[in-house]
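Next come the chains, spelled out residue by residue.
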Amino acid sequence: MSQGRKFGEVILSAREITLSFGAVQALIDVSVDVREHEILAIIGPNGAGKTSLLNCINGVYHPQQGAILFEGVPRLNADPAKIARQGIARTFQNVALFKGMSTLDNIMTGRNTKIRSNIFWQALYVGSYLKEELEHRRAVEEIIDFLEIQAIRKTPVGRLPYGMQKRVELGRALAAQPRILVLDEPMAGMNVEEKEDMSRFILDVNDEFGTTIVLIEHDMGVVMDISDRVVVLDYGRKIADGTPDEVRAEPAVIEAYLGVSA
Amino acid sequence: MPEMSFAMELLLFLEVLINGLLSGIMYSLVALGFVLIFKASGIFNFAQGAFVLFAALTFVSFLEAAIMGAENSGLLYFVACLMLTLVVMAVYGVAVERIVLRPLVNQPLIILFMATIGLNFFTEGFAQLIWGTEVHRLDLGIPDEPMGWLLDKTDMYITAFDVAAAAIAAGLVLSLSLFFSKTRTGRALRAVSDDHQAAMSVGIPLQHIWAITWGVAGAIGLIAGILWGAKLGVHFSLALLALKALPVLIIGGFDSIAGAIVGGLIIGASEKLAEFYLSGIVGGALENWFPYILATLFLLVRPQGLFGEKIIERV
Amino acid sequence: MIYREAGQFKASYHADQAIFTIRQDLWFIGGLSLLALFVVPLLASEYLLQSVLLPFLLYTIAAMGLNILLGYCGQLSLGTAGFMAVGAFTAYKFATAFPILPAPILFILAGLVAAAVGVLFGLPSLRIKGFYLAVTTLGAHFLIEWVLTHFGWFKNYSASGVITPPPITLLGFPIDSPVAKYVFTLVVVIILALLMKNLVRSAIGRAWCAVRDMDVAAEVIGIRLLRTKLIAFAVSSFYCGVAGAMYVNFYLGTVEPQAFTINLAFLVLFMVIIGGLGSVLGSFLGAGFIVVLPILISNILSIVVPDAPGAVVSNVELIVFGCLIIFFLIVEPAGLARLWAIAKEKLRMWPFPY
């Protein structure tokens, strides 16, 4: 999968991240580099700290030690909204959609970082704001077409099946036209067909827009198939970092997943 | 104001402080009923104010009936009225729990809050319909006047009533703490508040426990009602006392008995001190809003209260 | 359905995002508005205009304000009455200082000052959430009440306790007849309802709903929480300020902080919850319910128990009120707006059950 693909410079870098919650150490001295345009998978047993790492990237958690650099510039204070505006979008393990709104509205909130009109124009809903709103609507409809979710456009997302919700969440992340797309188990709970669809979407996004993808995934088949590089976490530490083939042969990885024969 | 010596200043400060602490204990009493229900059943009983009002009204009406109907008065009859009111309160508490609170068990807090405000309206209308709107006097036989010997010796203006109220409240808290830690029922209550399922699986009868809890909360409400009613007169505005208990609960946490006490003391003391020292600059009646602003400042620093548990949001 | 909705296809995104996507809805609401504007003033009695319709409209404005803050943005606020009081006194001060100011300017100023105060008391919402925020806003209410009562400047140092506001004028004509007040208020309500509808379907409205539904996720997708919440406080308090200013000038006739008790805040909260959180229609329905209910009760009571003294009537009102609140919260916490939507669905499907 990685032959002939061009990767850019390191766009996001986590250096020696240590994160604890009281006595529980979620991450211990984890360093990960993400290169532009690549698809990086983070794998590891449950409780390894994968989601915590993603949360640090998005600024939801603040590591006690270590630094996160975006385009070489270290982050001074983690403000999730500001980080989002830098171009990092996210989906969540337990689908964090806005249950009170429809699919269309949910994806439209993804465009929020691009709204330029102030609220006075929004209240009047004419002229420059109307044009802007329709522009965003057009962009969102393209994403809806891309993800093939036209039929559920107006459905309140609380009523959608789990797989569909995950797709809508992907749409919301895409709406922001991010540089880095961070996905937390985007294929959890899906059947084979749905997984193929999701994989196709992810590959298309990476291919057409050059979006860098960082994803957590448990399905090894998917990971080996679509990712350019794999990082393995176990008990909060990074135990492997390389191409899928390199990683799958690492003894530490085999031990973490399968255990050591007695 | 004439020049005051440091000793006099200190005494004045102490007097205001002590009065504040004493009124704080009264707030704690109202908050205590709330904490109890929350500890045992996880329900936010904002209707505690209505409880206090209803208890006070019932008690007062029994007392007045006694004075009008028979010549019996005195301690025996007092205690009899107390018992009778307790029974009524238990019934009221169980009724409220079953009709109002249980159907709303999984709703967001605001819905529960609104329901209990509705309950307050209901209780107010109901009580006024039966007992009329005048303020009923409740005489406990303890004078609400400054204690003579203290006034003579130290110039401090503290009433015997306040001290008695504090003593009663302290006794209540002590017995409650002992109840929770030493008796079987108390331990069962704590088990239920921790985990309903687990408590049931070790054989603790949930229904009985809840009945006991509401009964005890009703009793606390009764004591609070009597004390406040004796001090302020029994009037429907007692129900709004519950609003004052909210800053207490914020500072002390919603699920801690110790917190309710400490919170009440802090609120009471700060309220009186602020009133005394700041009202010269900004005008009187500070105590209407001071507790809330204090609670707000507290929340900005420590959103979970003094004794509450820290909330970690997981995404 | 009573009328045929099928066959109305939208050919552009603009049409799809319109307020009334079904033509008949537009006709219905439009017709109702015209009726209310032109026919009702001619036919209705003064009592109906002054004591039923006027408070209904005024409460609707306050309910819309609270709905924006609570129903859409999810911020629990009990400061409604306080913000209304700010609006009322702002209008009074400006009217006495600059008597030439016409009514619309006066009320807009009232709204703006109330909005500023709302933003001030909304600042804690950055760190404080949910029920705790309610207690903070409770503090705001009592603080505002205290400030307005204790500093004579607000009452222009008047010696008597009763302050009468100066007459309100529009284009030189005083607005003092029930018909004039009603029509003016109705126009204001229609404008404010339109603005609210626009706000909630645009970007800020979606941001509010996002903050309400899951604020951590909203932040992660780039929504600035404090800004969004403060805008909600500002707009909501604006509406409350306008409502408060019109309340003292058109309805009460006197300007006093005691008109804006904590019970008023609870009342508006009931309107919003019973009417339906997160709905413009709900604000109307809730306000209507709360205004009509006491009238209904006293009328029924006068039939059933003809000679009941006034005190009994008002207590029964309280009892029924309390019971109905509880009933509503148990049976349909999403309010009358939801009941209305369910009814429409059922009518659409009729005669099929689903």
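What you see is a predicted model, and the numbers here were worked out from it, not measured in a lab.

From N to C terminus, chain C includes 14 helices and two strands. At 21 Å, chain C has a C-alpha radius of gyration in line with the 20 Å of a compact globule built from 354 residues. Judged by the C-alpha coordinates and their principal axes, chain C covers about 65 × 60 × 45 Å. Within chain C, the fraction of its 354 residues that count as buried is 49%. Considering only contacts within chain C whose residues lie at least 6 apart along the sequence, 76% involve residues at least 24 apart.

Right, let's talk about the pairing of strand E4 (residues 65-70) of chain A for a bit. As judged from the five bridges shared by strand E1 (residues 10-21) of chain A and E4 of chain A, these two strands associate in the antiparallel manner. Looking across to E4 of chain A, one finds that Leu-12 of chain A is bridged to Phe-70 of chain A.

Moving on: unusual backbone geometry. Residues and elements named next belong to chain A. The phi dihedral of Gln-177 falls on the positive side, at around 50 degrees, and the residue is not glycine. When you line up the elements, Gln-177 lands in the loop between helix H6 (162-175) and strand E7 (180-184). By C-beta crowding, Gln-177 is classed as partly exposed, having 16 other C-beta atoms within 10 Å. With a phi close to 50 degrees, Glu-185 is a non-glycine residue in the positive phi region.

Quick look at the pairing of strand E3 (residues 39-43) of chain A now. Residue and element names in this part refer to chain A. Of all the five residues making up E3, five are buried; the element is thus mostly covered by neighbouring parts of the structure. Side chains Ile-39, Ala-41 and Ile-43 of E3 all project onto a buried face; the interleaved residues Leu-40 and Ile-42 project onto the opposite face, where all are buried too. Across four bridges, the pairing between E3 and strand E8 (residues 212-216) is parallel. Looking across to E8, one finds that Leu-40 is bridged to Val-214. In terms of strand pairing, E3 meets strand E9 (residues 229-234) through four bridges, oriented parallel. Across the sheet, Ile-42 pairs through a bridge with Val-231, a residue of E9.

Taken together, the contacts link 37 residues of chain B with 35 residues of chain C. Elements with a contribution of two residues or more to the side of chain B that touches chain C: helix H4 (109-131), helix H10 (241-252) and helix H12 (290-301) of chain B. Among the elements that take part in the side of chain B that touches chain C, H4 of chain B stands out by supplying 15 residues, more than any other. Per-class residue counts for the side of chain B that touches chain C are 27 nonpolar, eight polar and two charged.

Turning our eyes to something else, we now look at the sheet that holds E1 of chain A. Residue and element names in this part refer to chain A. Reading across from one edge, E2-E1-E4-E5 is the order of the four strands in this open sheet, with antiparallel pairing throughout. Each edge of the open sheet carries a strand with a single partner, namely strand E2 (24-35) and strand E5 (73-74). Of the pairings in the sheet, the one linking E4 to E5 comprises two bridges and is antiparallel in character. Its bridge partner lying in E5, Phe-70 is registered against Val-73. The strands touched by helix H1 (residues 50-58) within the sheet are E1, E2 and E4, with E1 carrying the most contacts at an inclination of about 120 degrees.

Let's shift gears to the environment of Ala-207 of chain C. Along the polypeptide, Ala-207 of chain C turns up in helix H8 (residues 203-213). As for Ala-207 of chain C and Ile-61 of chain C, which are separated by 146 residues in sequence, their C-alpha atoms are 22 Å apart. In contact with Ala-207 of chain C, not counting residues within four places along its chain, are Thr-109 and Asn-112 of chain A together with Ile-223 and Thr-228 of chain C.

This part covers the nonpolar core. By size, the foremost hydrophobic cluster in this structure holds 274 residues, and its most contacted members are Ala-62, Tyr-239 and Val-268 of chain C. Not counting the four nearest positions on each side in its chain, Val-268 of chain C is found in contact with Tyr-59, Ala-62, Ala-63, Leu-66 and Thr-80 of chain C.

A few words on the sheet that holds E8 of chain A. Residue and element names in this part refer to chain A. Strand order in the open sheet formed by six strands is E6-E7-E8-E3-E9-E10, with mixed pairing between adjacent strands. Bordering the open sheet on either side are strand E6 (88-91) and strand E10 (237-242), each of which pairs with just one other strand. Sheet twist, expressed as the average angle between the axes of neighbouring strands with direction ignored, equals 15 degrees. Against the sheet, H1 makes contact with E3, E6, E7, E8 and E9, and its axis sits at roughly 150 degrees relative to E7, the strand it touches most.

A word on the environment of Leu-148 of chain C. Residues and elements named next belong to chain C. Note on placement: Leu-148 falls in helix H6 (residues 130-150). Assessed through the 21 C-beta atoms surrounding it within 10 Å, Leu-148 is described here as buried. A C-alpha to C-alpha distance of 6.4 Å links Leu-148 and Pro-257, two positions 109 residues apart in sequence. Each residue touching Leu-148, except ones within four places of it in the same chain, is listed here: Ala-85, Phe-89, Phe-154 and Pro-257.

Moving on, we come to the confidence of the model for chain C. Residues at a pLDDT of 70 or more form 97% of chain C, whose mean pLDDT is 87. Interface confidence for the predicted complex, given as ipTM, is 0.89, next to a pTM of 0.88.

Residues and elements named next belong to chain C. Two numbers describe how helix H12 (residues 280-304) lies on helix H14 (residues 335-349): the axes approach to 7 Å, and their chain directions differ by 115 degrees. The angle between H12 and H14 falls in the class roughly perpendicular. Where H12 crosses over H14, the two elements pack in a sense that is right-handed. In contact with Leu-281, Gly-282, Leu-285, Gly-286 and Phe-289 of H12, H14 contributes Gly-335, Leu-336, Ala-337 and Trp-340. The class makeup of the residues in the contact of H12 with H14 is six nonpolar, three polar and no charged.

The next subject is the packing of helix H4 (residues 80-97) of chain C against helix H10 (residues 225-252) of chain C. All names here are of chain C. Running from amino to carboxyl end, H4 crosses H10 at an angle of 60 degrees, the nearest separation of the two axes being 6 Å. Comparing their axes, H10 and H4 come out oblique. Regarding H4 and H10, the two cross each other, and that crossing is right-handed. Residues Thr-80, Phe-83, Met-84, Ala-85, Val-86, Gly-87, Ala-88, Thr-90 and Ala-91 of H4 lie in contact with H10, whose contacting residues are Ser-237, Cys-240, Gly-241, Val-242, Ala-243, Gly-244, Ala-245, Tyr-247, Val-248 and Asn-249. When its residues are assigned to classes, the contact of H4 with H10 shows 12 nonpolar, seven polar and no charged.

Rules used throughout
- Residues numbered from 1 in each chain as written.
- Chains lettered and ligands numbered in written order.
- Predicted model: local features only at pLDDT ≥ 70, side-chain atom pairs only at ≥ 80, totals over all residues.
- Helix = DSSP H or I, 4+ residues; strand = E, 2+ residues; numbered from the N terminus.
- Rg over C-alpha atoms; globule rule 2.2 N^0.38 Å.
- Buried ≥ 20, exposed ≤ 12 C-beta atoms within 10 Å, placed from the backbone.
- Contact = placed C-beta atoms within 7 Å.
- Pairing = 2+ DSSP bridges.
- Nonpolar A, V, L, I, M, F, W, Y, C, P; charged D, E, K, R; others polar.
- Axes fitted to C-alpha atoms, helices over the stretch in contact; angles between N-to-C directions.
- Core = buried A, V, L, I, M, F, W, Y, C linked by C-beta atoms within 7 Å.
- pLDDT = per-residue confidence, 0-100.
- Parallel < 35°, antiparallel > 145°, perpendicular 65-115°, else oblique.
- Left-handed = near helix turned anticlockwise from the far one by under 90°.

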